Each structure stands twice: as structure tokens, then as C-alpha cells.
Amino acid sequence: QVQLVESGGGLVQAGGSLRLSCAVSGRFFSINAMGWYRQAPGKQRELVAEITSVGTTNYADSVKGRFTISRDNAKNTVYLQMNSLKPEDTAVYYCKADIFTSFTGRYWGQGTQVTVSS
């Protein structure tokens with residue numbers, strides 16, 4: 001059974017930094033794209049950043065230049081370094097991974113709260 005376990009959320013002041021991690025465990029053949037989404041209260045879940053298995057990245061316009069996504073394929077882990085945080089970055093952040101077991105499925109983490117105070 002595949003699991004995604006996130007860590008690194010918390011409370012930070014505006015202008016501060018946080019680093020999120022998401023580790024994949026279980027039985028699988030390969031991990032394709034990995035990414036981070038977020039959902040603020042009363043809003044739809046939105047893409048924050050995504051990274052392919054070969055390192056190609058894609059960012060939401062709202063986080064370009066402030067957030068950096070990376071992955072360690074040896075550790076089956078994806079990271080999100082968040083700098084210059086703003087109150088509007090406050091949300092629950094979810095890790096996503098497209099994983100090939102006997103088929104390719106999309107798996108989600110449980111979510112981690114990020115709160116940025118002004």
C-alpha cells in the first residue's frame with residue numbers, strides 16, 4: 001500500500017520561510033510527477049508547484065520566485081522550500097504523486113497546515 005507522509009508545516013510570520021517534505025513509502029515500481037497543491041478556507045484546491053521525474057518544474061504565478069520545488073529520487077521524497085511567505089499563502093498544503101504500481105494512480109498526502117501571520 002502506497003502512503004505519502006508530509007511534514008514541515010507550521011506558523012510563521014510574513015517574510016519568513018518554511019520547508020515542506022513529503023516521503024512516499026510502500027510497494028511501487030516508479031514515481032512520475034510529484035507536486036504540491038494547497039487549499040485555503042472557502043477556496044478550491046490549486047496547484048502550487050510540480051516536478052517531473054527528470055526535474056522539469058512548473059509553478060503557479062503567485063509563487064514564482066519565492067517557492068522552489070525539488071525531489072530526491074533516492075529517498076522518494078519531494079520538497080517545497082517556501083521563502084518570503086505572505087498571509088495569502090495560508091492554506092492546507094497537500095503533496096501529490098503519480099505512482100506506477102500495477103497501474104499509474106494519483107496519490108495524496110494527508111495535508112499539512114501552513115499559517116502565515118501578518
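Refer to the structure above for everything that follows.
Predicted, not measured: the structure shown is a model, and the values here were computed from it.

A. Structural view of the side chain of Asp98. The topology assignment puts Asp98 in strand β9 (residues 91–100). Beyond its immediate chain neighbours, meaning those up to four positions away, Asp98 contacts Ser30, Ile31, Asn32, Ala33, Thr104, Gly105 and Arg106.

B. Expanded view of the side chain of Lys96. Summarising the element assignment, Lys96 is placed in strand β9. Those residues in contact with Lys96 that sit more than four places away from it in its chain are Leu4, Ala33, Met34, Gly35, Tyr37, Glu50, Arg106, Tyr107 and Trp108.

C. Broad picture of the environment of Val63. Counting through the fold element by element, Val63 comes out in the loop between β6 (57–59) and β7 (67–72). The exposure class of Val63 is buried, given its relative accessible area of 0%. Between the C-alpha atom of Val63 and that of Asp89, which follows or precedes it by 26 residues, the distance is 8.7 Å. Ignoring anything within four residues of it in the chain, the contact list for Val63 reads Arg38 and Val48.

D. Quick look at the pairing of β7. What you see with β7 is a clean split: Phe67, Ile69 and Arg71 sit on the buried side and Thr68, Ser70 and Asp72 on the side with no burial. In the sheet, β7 pairs with strand β8 (residues 77–82) via six bridges, with the strands oriented antiparallel. Within the sheet, the bridge partner assigned to Phe67 lies in β8 and is Met82. Once β7 ends, the chain turns through four residues before running back antiparallel as β8, passing Asn76 with a positive phi of about 50 degrees.

E. Quick look at the sheet that holds β8. Across the sheet, which stays open at both edges, the four strands sit in the order β1-β3-β8-β7 with antiparallel pairing between neighbours. Both edges of this open sheet fall to β1 (3–7) and β7, since each of them pairs with a single strand only. The sheet shows a mean angle of 15 degrees between the axes of neighbouring strands, taken without regard to direction. Of the pairings in the sheet, the one linking strand β3 (residues 18–25) to β8 comprises six bridges and is antiparallel in character. Its bridge partner lying in β8, Cys22 is registered against Val78.

F. Seen up close, the pattern of salt bridges. One pass over the structure, following the stated rule, counts seven salt bridges. For Lys96, the salt bridge is made with Asp98, and the minimal N-O distance between the two is 3.5 Å. Take Asp98: its relative accessible area is 12%, and that puts it in the buried class. Where Asp98 meets Arg106, a salt bridge forms, and the shortest distance between an N and an O atom there is 2.8 Å. Salt bridges sharing partners connect three or more residues here, namely Arg38, Glu46, Arg66 and Asp89.

G. Here's a closer look at the nonpolar core. Grouped together as the largest cluster of nonpolar side chains are 29 residues, with contacts concentrated most on Trp36, Leu80, Met82 and Tyr93. Only β3, β4 (30–39), β5 (46–51), β7, β8, β9 and β11 (112–117) provide two or more residues apiece to this core. Here this core takes five residues from β9, the largest share from any one element.

Quick notes on the rules
- Residues numbered from 1 in each chain as written.
- Predicted model: local features only at pLDDT ≥ 70, side-chain atom pairs only at ≥ 80, totals over all residues.
- Heavy atoms only, no water.
- Helix = DSSP H or I, 4+ residues; strand = E, 2+ residues; numbered from the N terminus.
- Contact = heavy atoms within 4.5 Å.
- Buried < 20%, exposed > 50% of the residue type's maximum accessible area, 1.4 Å probe, protein only.
- Pairing = 2+ DSSP bridges.
- Axes fitted to C-alpha atoms, helices over the stretch in contact; angles between N-to-C directions.
- Salt bridge = Lys/Arg side-chain N within 4 Å of Asp/Glu carboxyl O.
- Core = buried A, V, L, I, M, F, W, Y, C linked by side-chain atoms within 4.5 Å.

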